[in-house]
Amino acid sequence: MLLELTGRGLYCPAGDFYIDPWQPVRRAIVTHAHGDHARRGSERYLAAAQGAGVIRHRLGADTHLETIPYGESRLINGVRVSLHPAGHILGSAIVALDIEDEEQGRTVRVVFSGDLGRPDRPILRDPTYVEEADVLLIESTYGDREHEATDALDDKLRSVVNATYKRGGKIIIPSFAVGRTQELVYRLHELVNRRSIPPNMGVYVDSPMAIDATGIYRLHPEAYDEELGAFMLEQGDPFGFDMLTYTRSVNQSKELNFLREPAIIISASGMAENGRILHHLKNNVEDSRNTILIVGWQAPNTLGRRLVEKQPRVRIFGEEYDLRAEVVTINGFSAHADRSELLDWVGHFTRKPRQTFIVHGEEVTSLSFAGQLMREGLENVHVPQLGQTFTV
């Protein structure tokens, strides 16, 4: 969904979007650096200052990017834009637009959740609550289900690592370069320190973008939550430990094909549609000693989804491979709020929105979440269809 402020030259992509190259956008608000929210095609971009590094890495160094610090605002063509921490990945933002409606003599507040993160998660501060909205756009990726408890998450990760180690296999993890990879590294670091997994098992982050993103994360300790701050005081660098190796070059990546000892390989892309992860899957998917660990939602019609479904044969680089490796899914790593967390966030509005639009979710999930919001007392809740337009 694309929120267009007619005559104001300002667009806010509410999820996966497409910009017509023949009708360029004058200024687009970027909620965060994931590929379905940050794409080239706008003359200018506006984002939270904390996310500038990862967004420039995504869009290109020549991008005309304007930034706003969290909690501050900027007036653009009669629209006051403010951005607030969303807790999803570094620099992710909740967008609040206070729009002057001169014809009606009023100000309309439009709030877009962006990809809303989760409270009480490691690394980043919790999402900010917003108190007022006339119109709300809210994501619904996990709007019909709950995530696993954090303790269960660590137990599952420990169990997968130890079982695969005993088999002499490798763990292949498709992971988003920004956000997911950093949390995985941090959690593995914790497990190593607690002696919960073998301290001699090599961990490899094989993604140039993930390496760059990790470097950018290191530059923003002001974004860290109390848990990570305490960890740094006691243990040092949360994104580095003895058995962790970052492999940037192509030759270093190829050398991982010849590992004979158990290892963990984290590589992009997160849905296994492109990037170096495809080579690691091709080389390891037919070995029953190995584990493919899925750590987040996989979109329909992606290789990641076919692995989650445990289809007996999967196509990689145009060739068919037998799926003999064990496939384990741990959804608790998701950086998206689940149903209860979304409802809690909405519940903090002191002035409930008069219109709500459910975006960024599979249709059945969005419809389920819309029903839940209506049961909570919200009125005029919509699940937009492709090509449908609304005036607010």
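See the structure printed just above.
Rules of the game
Residues numbered from 1 in each chain as written. Predicted model: local features only at pLDDT ≥ 70, side-chain atom pairs only at ≥ 80, totals over all residues. Heavy atoms only, no water. Helix = DSSP H or I, 4+ residues; strand = E, 2+ residues; numbered from the N terminus. Rg over C-alpha atoms; globule rule 2.2 N^0.38 Å. Contact = heavy atoms within 4.5 Å. Areas by Shrake-Rupley, 256 points an atom, 1.4 Å probe, with all protein chains shown as cover. Expected span 1.5 Å × (residues − 1). Buried < 20%, exposed > 50% of the residue type's maximum accessible area, 1.4 Å probe, protein only. Polar contact = N/O pair within 3.5 Å; in protein donor to acceptor, adjacent residues only side chain to side chain. Axes fitted to C-alpha atoms, helices over the stretch in contact; angles between N-to-C directions. Parallel < 35°, antiparallel > 145°, perpendicular 65-115°, else oblique. Left-handed = near helix turned anticlockwise from the far one by under 90°. Nonpolar A, V, L, I, M, F, W, Y, C, P; charged D, E, K, R; others polar. Pairing = 2+ DSSP bridges. 1 Å grid on protein atoms, 1.4 Å probe; cavity = no way out; pocket = protein on both sides within 12 Å on 5 of 7 lines; lining within 4 Å. Points joined across faces, edges and corners; volume = space filled by probe spheres on them. Phe/Tyr/Trp six-rings, centres within 6.5 Å; stacked < 30°, edge-to-face > 60°.

Student: Any chance you could explain the overall build of the protein here in plain terms?
Tutor: Assigned secondary structure in the protein consists of 10 helices and 20 strands. For a compact globule of 392 residues, the expected C-alpha radius of gyration is about 21 Å, and the protein comes in at 21 Å, within 12% of that figure. The C-alpha extent of the protein, read off along each of the three principal axes, is 70 × 45 × 45 Å. Of the contacts formed within the protein by residues at least 6 apart in sequence, a portion of 67% connects residues at least 24 apart. Accessible area of the protein: about 17,300 Å², with a carbon and sulfur share of 47%.

Student: Honestly, helix H10 (residues 363-375) in this entry has me stumped. Any pointers?
Tutor: Since one α-helical turn is 3.6 residues long, residues separated by three or four positions face the same way. Here H10 contains 13 residues, and its C-alpha end-to-end distance of 18 Å stays within 8% of the 18 Å for a straight helix at 1.5 Å per residue. Looking at the buried residues of H10, the elements they touch are strand E10 (135-139), helix H9 (339-346), strand E19 (355-359) and strand E20 (381-382). Among the residues trailing H10, Gly377 stands out with phi positive, at a value near 110 degrees.

Student: Help me understand the side chain of Thr214, please; the structure alone is not making it clear to me.
Tutor: Assignment of secondary structure puts Thr214 in helix H4 (residues 208-218). For Thr214, a relative accessible area of 2% corresponds to the buried category. Side-chain polar atoms of Thr214 contact the backbone oxygen of Ala210, separated by 2.7 Å. Dropping the residues within four chain positions of it, Thr214 is found in contact with Gln182, Phe239 and Tyr246.

Student: Teacher, can you tell me more about the packing of helix H1 (residues 52-59) against H4 here?
Tutor: For any two helices packed against each other, one specifies the inter-axial angle together with the distance between the axes. Interaxial distance between H1 and H4 falls to 9 Å at its minimum, and their mutual angle equals 160 degrees. In terms of orientation, H1 and H4 fall into the roughly antiparallel class. Handedness of the H1/H4 crossing: right-handed. Residue-level inspection shows Gly53, Val54, His57 and Arg58 of H1 in contact with H4, the latter providing Met209, Asp212, Ala213 and Ile216. For the contact of H1 with H4, the per-class residue count stands at four nonpolar, two polar and two charged.

Student: Would you take a moment to explain the environment of Pro300 for this structure?
Tutor: Mapping Pro300 onto the fold places it in the loop between strand E15 (291-294) and helix H8 (303-308). For Pro300, a relative accessible area of 37% gives the class partly exposed. Once the C-alpha coordinates of Pro300 and Glu362 are considered, the two residues, 62 residues apart in sequence, prove to be 9.0 Å apart. Sequence-distant contacts of Pro300, that is, excluding residues within four places in its chain, are made with Arg305 and Glu362.

Student: Would you explain the sheet that holds strand E12 (residues 202-205) in this entry?
Tutor: Think of a sheet as strands paired side by side through backbone hydrogen bonds, with each pair either parallel or antiparallel. Ordered by their spatial adjacency, six strands build an open sheet running E13-E12-E14-E11-E15-E18, and the pairing between neighbours is parallel. For this open sheet the edge positions go to strand E13 (244-246) and strand E18 (326-329), each flanked by a neighbour on one side alone. Between one strand axis and the next, the sheet turns through 20 degrees on average, direction left out of account. As paired elements, strand E11 (residues 170-174) and E15 share two bridges and run parallel to each other. Along E15, the bridge assignment pairs Ile171 with Thr291. The strands touched by helix H7 (residues 277-284) within the sheet are E11, strand E14 (263-267) and E15, with E11 carrying the most contacts at an inclination of about 145 degrees.

Student: Hey, could you run me through empty space enclosed by the protein in this one?
Tutor: Which parts of space are left empty comes out when a probe the size of a water molecule is rolled across the atoms. On inspection of all chains with the given rule, the structure shows one cavity of 30 Å³ or more. Residue lining of the largest cavity: 16 residues in total, with Gly87, His88, Pro122, Leu124 and Glu183 positioned closest to the centre. Split into classes, the residues belonging to the lining of the largest cavity amount to six nonpolar, five polar and five charged.

Student: Honestly, the packing of aromatic side chains in this entry has me stumped. Any pointers?
Tutor: Describing an aromatic ring pair means giving the distance of the ring centres and the angle of the ring planes. Tallied over the entire structure, the rule returns four aromatic pairs. Between Tyr217 and Phe239, the aromatic rings sit 6.2 Å apart at their centres with planes inclined by 85 degrees, giving edge-to-face as the arrangement. One end of the pair, Tyr217, is in helix H4; the other, Phe239, is in the loop between helix H5 (226-235) and E13, with 22 residues separating them in the sequence. Using a relative accessible area of 0% as the deciding quantity, one classes Phe239 as buried. An angle of 80 degrees between the planes, with centres 5.5 Å apart, marks the rings of Trp345 and Phe349 as edge-to-face. With respect to class, Trp345 is no different from Phe349; both count as buried.

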